[in-house]
Amino acid sequence: MPTLAQYLLLSAILFAIGTAGVFVRRNLITILLSIEIMLNAVNLTFVAFGRALGSADGQIIVFFVMTVAAAEAAVGLAIVIALFRHKESLNPDTFTSLKW
Amino acid sequence: MTPLLVAQIVLTLFVFFMLLNSAAIMVYVERKVAALLQQRLGPYLVGPKGLLQPLADVIKLMFKEELRPKAADAFLFALAPIISATCAFAAFSVVPFGADTTLFGWIPAALRLQVAEVNVAILVVFAIASMSVYGIVLAGWSSNSKYSLLGGLRSSAQMISYELSYGLALAGVLVIGNSLSLRELVDGQAGTWFGFVPRWYLFLQPVGFLIYMIAGIAETNRAPFDFPEAEQELVAGYHTEYSSMSFAMFFLAEYINMVTVSAVATDLFLGGWHGPFLPESLGWIWFLLKVSAILFFYVWMRWTLPRYRYDQLMAFGWKVLLPLAVVNLLVTAAGVLYFSA
Amino acid sequence: MLFYVFGAIAIVTSLLVIGQRNPVYSVLLLIASFGALSGLYVLLDAPFAAVIQIIVYAGAIMVLFLFVVMLLNAPHEDTEYDERVHPLLRPGPMRFGAALAVALIVELGWALTRRADAGAFPSASVSSVDAIGRSLFTDYAFQFEVTSILILVAMVGAVVLARREGQG
């Protein structure tokens, strides 16, 4: 039976992978996917602590985090579509000027 | 290797084998019923009354050449039918089809006639139905052809739109039955009112059953909601470029999804394996009869109604079915609150 | 034992997600990662979280990502850099990104394993969906209603942002 520390370490590794993805990749969709990895790592932490403390609050917070992640993914992808229509590229480095 | 474990393994293999058989039987039933509805004979050459026709079809499909377009993404092209077929089989694994049985005393403890018992069984069926969208969208994308891509995207958009009404129709039954486990929901339907009317949730939730059946037909991409695979409009939609066994796997997945939707409808609305005149241990016979009735209804629908156009289909799903399902849930919840207060 | 299997799958697929050129493969690998996480939730006696992870994340959000990737049909990234070198191996990102990830892991790992009570879990207590539902509608009712407004705002926002110019 793995300990709480092992679950938290796994969550830390996933969070770090997500963060590295946001910094390293130059493709808007992959950046959004890395954000989803980070949110999932946080969900794992919440569920692990909920189990360790014996309350259902962990799963309830996971429910809310998932809802927020869904809303954020929808709006983020709509922005990506709008940007792509304007400049035909998904590289964040092409969107450097404040003028539309 | 206790007898119970052996019995469970045998049960799993048996369910798998019977699902394969049911797909073959459905092929025959579809063609024969279609023929009789259209006042012609249907298959009658192969075997007595054409009963060996599915066998002939399987042999023909196995001997066809396996093609793949050159520009298609090989890995995804091979993966898509596997995802479709796997999700179709997996969804049936939590559906119970009979009462606990001890197989005439051969095993010590009671064997549940269900491959996997989870206490959130309905949610598992719903989750796996959501995953089966991927088989279709990947098939459309990886074929690298415009008919396939359009068919795949339309089909998956239709499936995710009707999933909402599907789930809300189920929620009405959950509110009445007060449990997420399919077995407990079926057991809540045992017995009768006034001695002859069975306690089915169909009588408590008629609108819910209607919504569930319509959403189920749309989920499995059957007529009148089969625009994405309509021959006249889109060649064959997302499975245009597939041949031989991959094509067979898509069809297998479609028929098994139909069987799963019918089985869940039977468990939730029609009382599962409870019925008069037979002892509990033979309840699976009633289950088979009820599932067969719903499958016949499916085939009947296909060959009677004209097809919906795609925008009519989507408008119906979002503007009519979803509000109806929400209102149904509200009325059900109000009713439960009123009658139990 | 299953923890190590699911954990390994989650880590490997997440690494592959940030390492793939083709965004369609990234999305599919992320779905596999979500499946592994769902398995971990089942191991943590949280069947509700496991099932809604599949329904919401793997079954809805990723379908949205997949639709956008397929409809945009974007070229693979980076035409300014040398095409033959993999993105993760180019000098700038490699040094900064890897260093950041390693620093984060070491830091978080040190902090998290210092806790005196981060030991074994207490005895099993499966929180039923019934209890979660009651909690959601009584203690957390306000947050629940706020998330429904949030989803409405997100829907309207997504439709407005993705609209073409000149449409009503």
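About the thresholds
- Residues numbered from 1 in each chain as written.
- Chains lettered and ligands numbered in written order.
- Predicted model: local features only at pLDDT ≥ 70, side-chain atom pairs only at ≥ 80, totals over all residues.
- Helix = DSSP H or I, 4+ residues; strand = E, 2+ residues; numbered from the N terminus.
- Rg over C-alpha atoms; globule rule 2.2 N^0.38 Å.
- Buried ≥ 20, exposed ≤ 12 C-beta atoms within 10 Å, placed from the backbone.
- Contact = placed C-beta atoms within 7 Å.
- Nonpolar A, V, L, I, M, F, W, Y, C, P; charged D, E, K, R; others polar.
- Core = buried A, V, L, I, M, F, W, Y, C linked by C-beta atoms within 7 Å.
- Expected span 1.5 Å × (residues − 1).
- Domains from an automatic or database assignment.
- Axes fitted to C-alpha atoms, helices over the stretch in contact; angles between N-to-C directions.
- Parallel < 35°, antiparallel > 145°, perpendicular 65-115°, else oblique.
- Left-handed = near helix turned anticlockwise from the far one by under 90°.
- pLDDT = per-residue confidence, 0-100.

> Explain the overall build of chain A to me, please; I cannot follow it from the model alone.
Scanning chain A for helices and strands turns up three helices and zero strands. Sequence-ordered secondary structure for chain A, helices as α and strands as β, is α-α-α. In terms of overall dimensions, chain A is more spread out than a globule: its C-alpha atoms have a radius of gyration of 17 Å, far above the 13 Å expected for 100 residues. By principal-axis analysis of the C-alpha atoms, chain A measures approximately 50 × 25 × 20 Å. Burial status across chain A gives 55% buried among its 100 residues.

> Where do I start with the overall build of chain C in this structure?
Secondary structure assignment for chain C yields six helices and zero strands. Written out in order from the N terminus, the α and β elements of chain C read α-α-α-α-α-α. Counting all 168 residues of chain C, 32% fall into the buried class. Counting only contacts in chain C whose residues sit at least 6 apart along the sequence, the fraction spanning at least 24 positions is 45%.

> In this structure, what is going on with the interface of chain C and chain B? I would like to understand it.
Listed per partner, the contact involves 13 residues of chain C and 15 residues of chain B. For the side of chain C that touches chain B, the element with the highest residue contribution is helix α3 (residues 47–72) of chain C, accounting for twelve residues. Grouping the amino acids of the side of chain C that touches chain B by side-chain chemistry returns twelve nonpolar, one polar and no charged.

> I would appreciate a short explanation of the nonpolar core in the present structure.
Core analysis: the biggest nonpolar cluster contains 159 residues, and V125 of chain B together with V51, M62 and F65 of chain C have the highest contact counts within it. Among residues more than four places away in sequence, those in contact with F65 of chain C are I29, L33 and L77 of chain A together with V27 of chain C.

> For this particular structure, what's the right way to read helix α2 (residues 28–53) of chain A?
Spacing of three or four residues puts side chains on the same side of an α-helix, whose turn is 3.6 residues. All names here are of chain A. Compared with the 38 Å implied by 1.5 Å per residue over 26 residues, the 38 Å span of α2 between its first and last C-alpha is a close match. The element α2 is largely enclosed, with a buried count of 19 among its 26 residues. G54 occupies a position one or two residues after α2 and carries a positive phi of about 70°.

> Sorry, what's going on with the interface of chain C and chain A here?
Interface size, as often reported, equals the accessible area lost upon joining of the parts. At the junction of the two partners, chain C supplies 68 residues and chain A supplies 59 residues. Secondary-structure elements contributing two or more residues to the side of chain C that touches chain A are α1 (2–19), α2 (23–43), α3, α4 (91–113), α5 (129–138) and α6 (141–161) of chain C. The dominant element in the side of chain C that touches chain A, judged by the number of residues it contributes, is α3 of chain C, at twelve residues. Within the side of chain C that touches chain A, the residues separate by chemical class into 52 nonpolar, 13 polar and three charged.

> How do you make sense of the environment of I9 of chain C when you look at a structure like this?
Residues and elements named next belong to chain C. Topologically, I9 is positioned in helix α1. As for I9 and G35, which are separated by 26 residues in sequence, their C-alpha atoms are 9.1 Å apart. Excluding its chain neighbours within four sequence positions, the residues that come into contact with I9 are A32 and A36.

> How do you make sense of the domain arrangement of chain C when you look at a structure like this?
Here chain C is described as being made up of domain 1 (1–73), domain 2 (87–115) and domain 3 (127–168). If you average the C-alpha positions of domain 1 of chain C and of domain 2 of chain C, the two centres end up 22 Å apart.

> Quick question: what am I supposed to make of unusual backbone geometry here?
The general pattern is negative phi for most residues beyond glycine and trans for most peptide bonds. Positive phi values are uncommon outside glycine, yet Q39 of chain B reaches one of about 60°. Looking at the element boundaries, Q39 of chain B is found in the loop between α1 (3–37) and α2 (53–63). For D45 of chain C, which is not glycine, the phi dihedral falls at a positive 60°. By the secondary structure assignment, D45 of chain C is in the loop between α2 and α3. Since 17 C-beta atoms lie within 10 Å of it, D45 of chain C is described here as partly exposed.

> Sorry, what's going on with helix α10 (residues 244–269) of chain B here?
All names here are of chain B. Over its 26 residues, α10 extends 37 Å from the first C-alpha to the last, a length consistent with the 38 Å expected when each residue adds 1.5 Å. Extensive coverage of α10 is indicated by the burial of 22 of its 26 residues. In the segment just after α10, G271 is the residue with positive phi, at about 85°.

> When you look at the environment of I151 of chain C in this model, what are you seeing that I'm missing?
In this structure, I151 of chain C sits in helix α6. Judged by local crowding, I151 of chain C falls into the partly exposed class, with 15 C-beta atoms found within 10 Å. If near-sequence neighbours (up to four positions away) are discounted, I151 of chain C is found in contact with T67 and A71 of chain A.

> Can you help me understand the packing of α1 of chain B against α2 of chain B in this one?
For any two helices packed against each other, one specifies the inter-axial angle together with the distance between the axes. All names here are of chain B. Between α1 and α2, the least distance of the axes is 8 Å, while the angle of their chain directions is 115°. Between α1 and α2, the interaxial angle falls into the category roughly perpendicular. The chirality of how α1 crosses α2 is right-handed. Touching A24, V27, Y28 and R31 of α1 are Q53, P54 and D57, all from α2. The class makeup of the residues in the contact of α1 with α2 is four nonpolar, one polar and two charged.

> So what exactly am I meant to see when it comes to the environment of D226 of chain B here?
Residue and element names in this part refer to chain B. The residue D226 is located in the loop between α8 (206–219) and α9 (231–234) in this model. For the pair D226 and Y308, spaced 82 residues apart in sequence, the C-alpha to C-alpha distance is 7.8 Å. Aside from chain neighbours lying at most four places away, what touches D226 is N221 and R307.

> Quick question: what am I supposed to make of the packing of α10 of chain B against helix α11 (residues 283–302) of chain B here?
All names here are of chain B. Remark: α10 packs on α11, axes separated minimally by 9 Å, with the N-to-C direction vectors making an angle of 125°. Taken as axis vectors, α10 and α11 run oblique relative to one another. As for the relative orientation of α10 and α11, their crossing is right-handed in sense. Where α10 approaches α11, its residues M258, S262, A263, A265 and T266 are matched on the opposing element by F287, K290, V291, I294, L295 and Y298. Its residues assigned to classes, the contact of α10 with α11 shows eight nonpolar, two polar and one charged.

> How should the confidence of the model for chain A be read in this particular structure?
Detailed reading of the predicted coordinates is not advisable wherever pLDDT is low. With 98% of its residues at a pLDDT of at least 70, chain A reaches an overall mean of 88. Helix α1 (residues 4–24) of chain A is the least confidently modelled element of chain A, averaging 88 in pLDDT, while α2 of chain A averages 92, the highest of any element.

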